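Tertiary structure, described
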Amino acid sequence: MAHAPTTPPLSKEQLLKAYRQMKTIREFEERLHIEIQTGEIPGFTHLYAGQEAVAVGVCAHLSDSDYIVSTHRGHGHCIAKGCDVGGMMLEIYGRAAGLCKGKGGSMHIADVTKGMLGANAIVGGGPPLAVGAAIACRNRGDKTVSIAFGGDGSANQGTVFEAMNMAVVLKVPTVFVFENNGYAEHTGADYAVGSKDIAGRARGFGMPAESCDGADFFAVYAAAGRAIALGREGKGPATIEPRITRYYGHFEGDPQLYRAKDETKELRETMDCLKNFRARVTREGWLTNAEMDAIDSDVLALIDSAVKTARAAPPPNDAELTTDVYATY
Amino acid sequence: MAQMTMTQSLNSALNLCLEKDPGVVVLGEDVGFFGGVFRVTDGLQAKYGEHRVLDTPISEGGIIAAAIGMALNGLRPVVEIQFADYIYPGYDQIVSELARIRYRSGGAFNAPVTIRAPCGGGIRGGQTHSQSPEAIFAHICGIKVVMPSNPYDAKGLLIAAIEDDDPVLFLEPKRLYNGPFDGDPGKPSVAWNGHPKGEVPEGHYTVPIGSAEIVRTGAQVTIISYGTMVHVVEAAARSLNVDAEIIDVRSMVPLDVETLCASVDKTGRCLIAHEATRFGGFGAELMATIQERCFWNLEAPIERVCGWDTPYPHAFEWDYFPGKDRVVVALKTMLGLP
Ligand SMILES: Cc1ncc(C[n+]2csc(CCOP(=O)(O)OP(=O)(O)O)c2C)c(N)n1
Ligand SMILES: [Mg+2]
């Protein structure tokens, strides 16, 4: 028997956009996984593949005037917040035309025009900045919010505790998103997060918090929606803890000895966010496979051209070496 | 004697100290089960157990603070900060607590903490995986700061640091873990195997903190350096065929002023080279000291070759890194060579 038609929680346009972004992140990362092996890319690269539904589910609620701060594993957040994919690829390759003129690299991609305050290689570096951004949001009175993305490992850093408490005390619109992918480098979250419950910890600081299935776009979208609404209504911070898996190693080159050999292989089959999304939207009759297939080939072409452009692009010229250290000289 | 990489010689030092003194405790992120991202603590938790080799959460402030508490109560903690670039969340604990606890207790307390931290560039790590922060620690009174440039010194200095009754920041030039590096990224990597300083005794020995080493004697100019740059300046001197005396500082605090100044008094010329940025860098302290002590024997201004005054860059690593070519230019200028 066919299902009764249901109303999607997002418009068709938004659903297509969400799928496109998740697919873009996936392809961006899958392609980097290959390109890194050529040795042409400087720096360390931490891939977001597997976690796409979190960045996209959260950022689907945001506009360019809302802020996010990100982490070392930041490509997904950048794409979900609308950063130009070509500019990101150029940045990762260290090219002059990169989003940060090749000065930041994979772990420091930022785009002020998109409210993307920066990926951040220092674990726990970002959340306090998000609180500051939220103070600016509150004082402007325009109902904008800031999002602090972080991992399970970052939840143990003192700077993050300070940020959470401050956000509660000052009652500012920051949403802490702790992407619990089970590991901080080689250390399990079940070992290093004492209570094993980051959302519970956030409640201890005095803010509402919930965990959700990070592989289910709709679950993340709903949880983030509740948290962000509180911020927009002036009710202070909130936390969500999406539980999720990263498909690749901590960084590219990680031998992953701390993981069962087929751990990700199975999860890719059983709880992949893109597969989940496709199954749900086709089952409900919200989107068709053909619509998503068309996006798939668009995205492949986009990433391919981003890589080709970045590989051929010139590095910054030497005069750039000492610029941008100060704003005043 | 055995052939060891710097990773292996550091591991050997930790192993010997853990074996000899039950008060020695190693702690840090991923140092136990995993054995450290650079493998320096490999196998130690399996051998000494979870109370001697502790995996901590990502909490640099907490790790360093806990180490201070341990040290005040009879233990000899050896902290690993995964990259020196991550040390700053613990900076307050180092400056306000670790370095001062002895002074403010009128000598009643001492805190024998060793903090190991991989430093320096040459691995394409960009601004948060390449810094050389020695000067901002050398400026703090109450903590010693050392940096080896080879496996032999690394082991001897680490044992000396752990056995020292004062806190020691032990900076490990990460580009040297597996082999010497002369600053030319185009050349294939070289191994420690076969290098005289890759010959390391298996047993206990120390390299005294506070002693510089004359790496090569010469009469024309003194080149003072440390860490990775020791290998770079050696390559530069060799390529120019100048009779340079090369000194590896090894210990920034305390500084072996006698060895440095005796050399400059002899050669009359001094070039200082470090990876860290120039302004307020450790080279400035070296320069001031030499100027004060050797002024009447100087035949040319003291020169510095350093990193540019910017954050460590992503795209311009080999422009930033003070490689052989920049050392050669400085030497030519100082010696009036064509
Ligand atoms: C202050 C600081 N300490 C340590 C590190 C090294 N480091 C980089 S990522 C990471 C693990 C982070 O784990 P988590 O927050 O769970 O994020 P994930 O990598 O799982 O996305 C560590 C320890 C760092 N970058 N900064
Ligand atoms: Mg994690």
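Just so we're clear, the structure is a prediction, and the values are computed from it rather than from any experiment.

As a further point, take the overall build of chain A. From N to C terminus, chain A includes 12 helices and seven strands. Over its C-alpha atoms chain A spans a radius of gyration of 19 Å, differing by no more than 12% from the 20 Å that the globule rule assigns to 329 residues. Expressed as lengths along the three principal axes of its C-alpha atoms, the size of chain A is roughly 55 × 55 × 45 Å. Looking at the 329 residues of chain A, the share that counts as buried comes to 53%.

Think of interface size as the accessible area that goes away when the parts come together; that is how it is often given. In this assembly, 26 residues from chain B lie in contact with 31 residues from chain A. Counting residues per element, the ones that place at least two in the side of chain B that touches chain A are α3 (60-71) and α11 (317-320) of chain B. A total of three residues in the side of chain B that touches chain A trace back to one element, the largest contributor, which is α11(B). Residue composition of the side of chain B that touches chain A, by class: 11 nonpolar, nine polar and six charged.

Bringing the nonpolar core into the picture now. Most often, soluble globular proteins keep nonpolar side chains buried together rather than apart. All names here are of chain B. Counting 99 residues, the largest nonpolar core has V146, V233 and L271 as the members making the most contacts within it. The leading source of residues in this core is helix α7 (residues 151-163), at eight residues. The residue makeup of this core includes at least three contributed by each of domain 1 (2-200) and domain 2 (213-335). Among all residues touching L271, those that are not within four sequence positions of it are V221, I223, E303, V305, A330, L331 and M334.

What follows concerns the packing of helix α1 (residues 6-20) of chain B against α7(B). Residue and element names in this part refer to chain B. Direction vectors running N to C along α1 and α7 enclose 25 degrees, while the axes themselves pass 8 Å from each other. In terms of axis orientation, α1 runs roughly parallel to α7. As for the relative orientation of α1 and α7, their crossing is right-handed in sense. From α1, M6, S9, L10, S12, A13, L16 and C17 reach across to α7, where they touch P151, Y152, A154, K155, L158, I159 and I162.

Turning next to the domain arrangement of chain B. Residues and elements named next belong to chain B. As assigned here, chain B comprises domain 1 (2-200) and domain 2 (213-335). Taken together, the contact pairs 29 residues of domain 1 with 28 residues of domain 2. Mapped by element, the contributors of at least two residues to the side of domain 1 that touches domain 2 are α6 (134-138), β6 (144-146) and α7. By residue class, the composition of the side of domain 1 that touches domain 2 is 12 nonpolar, 10 polar and seven charged.

Cut-offs used in this document
- Residues numbered from 1 in each chain as written.
- Chains lettered and ligands numbered in written order.
- Predicted model: local features only at pLDDT ≥ 70, side-chain atom pairs only at ≥ 80, totals over all residues.
- Helix = DSSP H or I, 4+ residues; strand = E, 2+ residues; numbered from the N terminus.
- Rg over C-alpha atoms; globule rule 2.2 N^0.38 Å.
- Buried ≥ 20, exposed ≤ 12 C-beta atoms within 10 Å, placed from the backbone.
- Contact = placed C-beta atoms within 7 Å.
- Nonpolar A, V, L, I, M, F, W, Y, C, P; charged D, E, K, R; others polar.
- Core = buried A, V, L, I, M, F, W, Y, C linked by C-beta atoms within 7 Å.
- Domains from an automatic or database assignment.
- Axes fitted to C-alpha atoms, helices over the stretch in contact; angles between N-to-C directions.
- Parallel < 35°, antiparallel > 145°, perpendicular 65-115°, else oblique.
- Left-handed = near helix turned anticlockwise from the far one by under 90°.

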